[in-house]
Amino acid sequence: MRIALLQTVTGADKRENIETLAPLIRDAARAGATLIVLPEAASQAFDQGRLDTQAEELDGEFATAMRGLADELGVTVVAGMFRPGDVNNVDGKTLHRVRNTALITGGGVHKGYDKIHAYDAFNYRESDTVQTGRELVTFTHEAAGERVVVGVAICFDIRFPEQFKELARRGAEVIVVPTSWADGAGKLEQWRALTAARALDAGVFIAAAGQARPEWEEHAGEESGPTGIGHSAVVNPHGRRIAEAGYAPETLIVDIDAAEVAAAREALPLIAITDQTGAFA
C-alpha cells in the first residue's frame, strides 16, 4: 500500500486551506498514493482565530471538498477539521466548544473520529474549547486488491498506549495520526520516542502527518504553541522510522507491506499476551 503524508502549514481561512491542500492531494494521487493523510487542524490552524466560527459537520464546505477530491481521484483522504460541539462555561465565560475531528473520506467511507484525549498539559487546556470524543474508529482501506484495516488517532492521543493497543485488537494494521505538535525543548525527541513506542506497543505501522513548523527558517526548535513541528513520519511495527520529514512543508510518499504486521506480532506477541491474560479488557 502506498501512503502519502502531506506536511504543510494551514492558516485561518477554510477556503484558502482547501485551495492549498487540493493540489497537494492531486500530486500525491498522481504519485500512486491511495491513502493520503493530512495534518490535524487542516481546515483551520490553531492560533488562527476562533475554531467554532468555521466548525462544520461532515456535509460542510471543507468535508465536502475533501470528499469530492477523494471520489474523483479514487483515494481515501484523512484530514483534521473541527465540528460543532457543546457549550462550556469557563471562569464565567460561555465558550462554544468544537470537536477535534479526523475526517475519513473515500472508498465508500465518509465519517469522522473525534479526538479522545484533550491536550490539557504544559499550561494549556484544550478541553476548555474542545469537546472530546469517546469512540474508537477504524476503517478498511482497499487498493490494488489489498485490504488493510486502518485505525485513527489524533496528536495528543499518541501519549496513551491503550488506545493504540485497542485499535490493534480491533484489527488495525496501520494507525494514522493527524498532528499539530508543539515545538520547543525536548518536544521533537518526545515525538520520535512516542511514535516509535506506539508502533511497538501495538505492532502496527504508525503514519503520522503533522503541520509543518510555521516560520521554520527562523524559529525551528523554539518554543511554540501546538501549531506544528513538522517531522511527519512512518514507523514500522518494529519501531523503525522508514520515512521522516523535517521542519518545512514536505510530502512523504511511502510504500508499506501490511504483511510485516503479522510477522512483527508473531515475533513479539504483545497484543495476544494481553488478550490471553484479560488485562485491559
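The structure we're discussing is the one just above.
Notes on the structure follow.

What counts as what
- Residues numbered from 1 in each chain as written.
- Predicted model: local features only at pLDDT ≥ 70, side-chain atom pairs only at ≥ 80, totals over all residues.
- Heavy atoms only, no water.
- Buried < 20%, exposed > 50% of the residue type's maximum accessible area, 1.4 Å probe, protein only.
- Helix = DSSP H or I, 4+ residues; strand = E, 2+ residues; numbered from the N terminus.
- 1 Å grid on protein atoms, 1.4 Å probe; cavity = no way out; pocket = protein on both sides within 12 Å on 5 of 7 lines; lining within 4 Å.
- Points joined across faces, edges and corners; volume = space filled by probe spheres on them.
- Nonpolar A, V, L, I, M, F, W, Y, C, P; charged D, E, K, R; others polar.
- Core = buried A, V, L, I, M, F, W, Y, C linked by side-chain atoms within 4.5 Å.
- Contact = heavy atoms within 4.5 Å.
- Pairing = 2+ DSSP bridges.
- Axes fitted to C-alpha atoms, helices over the stretch in contact; angles between N-to-C directions.
- Parallel < 35°, antiparallel > 145°, perpendicular 65-115°, else oblique.
- Left-handed = near helix turned anticlockwise from the far one by under 90°.

Here the focus is helix α3 (residues 161–169). Along α3, the residues classified as buried are Gln163, Phe164, Lys165, Leu167 and Ala168. Just past α3, the residue glycine 171 takes up positive phi, approximately 105°.

Within this structure, the stated rule accounts for 2 cavities of 30 Å³ or more. If you trace the largest cavity, you find 14 residues lining it, with Lys115, Tyr119, Cys155, Ser180 and Pro226 closest to the centre. Considering only residue class, the lining of the largest cavity consists of 8 nonpolar, 1 polar and 5 charged. As a volume, the second largest cavity reaches approximately 40 Å³. In terms of lining residues, the second largest cavity is bounded by Lys14, Ser43, Gln44, Leu51, Gln54, Ala55, Glu56, Phe62, Met81 and Phe82. By residue class, the composition of the lining of the second largest cavity is 5 nonpolar, 3 polar and 2 charged.

Our next topic: the layout of surface pockets. Reported here for the largest pocket is a volume of approximately 300 Å³. Gly49, Arg50, Leu51, Asp52 and Thr129 are, among the 16 residues lining the largest pocket, the residues nearest its centre. Within the residue set of the lining of the largest pocket, elements represented by two or more residues are β4 (93–106) and β7 (124–125). Roughly 180 Å³ of volume is contained in the second largest pocket. In this structure, the second largest pocket is lined by Tyr119, Phe122, Tyr124, Ala182, Asp183, Ala185, Lys187, Gln190, Glu223, Ser224, Gly225 and Pro226. Among the residues making up the lining of the second largest pocket, the classes are represented as 6 nonpolar, 3 polar and 3 charged.

Before going further, it helps to spend a moment on the nonpolar core. Grouped together as the largest cluster of nonpolar side chains are 52 residues, with contacts concentrated most on Ile3, Leu35, Val174, Ile175, Val176 and Ile206. The contact partners of valine 176, leaving out residues within four places of it in the chain, are Leu35, Val37, Val78, Val150, Gly151, Val152, Ala153 and Ala207. In terms of nonpolar packing, the next biggest core, distinct from the first, is built from 23 residues, Ile25, Ala29, Met66 and Leu69 among them.

It is worth spelling out the pairing of strand β8 (residues 138–143) at this point. Across the two faces of β8 the burial differs, with Phe139, His141 and Ala143 buried and Thr138, Thr140 and Glu142 not buried at all. Two elements, β8 and strand β9 (residues 146–152), share 6 bridges in a ladder whose sense is antiparallel. Looking at the pairing, glutamate 142 lines up with arginine 147 of β9. Connecting β8 to the next strand, β9, in antiparallel fashion are 2 residues, including alanine 144 with a positive phi near 50°.

One non-glycine residue with positive phi stands out, namely asparagine 123, at about 60°. Mapped onto the elements of the fold, asparagine 123 is located in the loop between β6 (120–121) and β7. Of note, cysteine 155 is a non-glycine position whose phi angle comes to about 40°, a positive value. For cysteine 155, the location among the structural elements is in the loop between β9 and α3.

Two numbers describe how α3 lies on helix α4 (residues 187–202): the axes approach to 9 Å, and their chain directions differ by 40°. Judged by the inter-axis angle, α3 sits oblique to α4. Once α3 is placed against α4, the crossing between them reads as right-handed. Facing α3, whose interface residues are Pro161, Phe164, Lys165 and Ala168, α4 presents Arg198, Asp201 and Ala202. Here the contact of α3 with α4 is built from residues that sort into 4 nonpolar, no polar and 3 charged.

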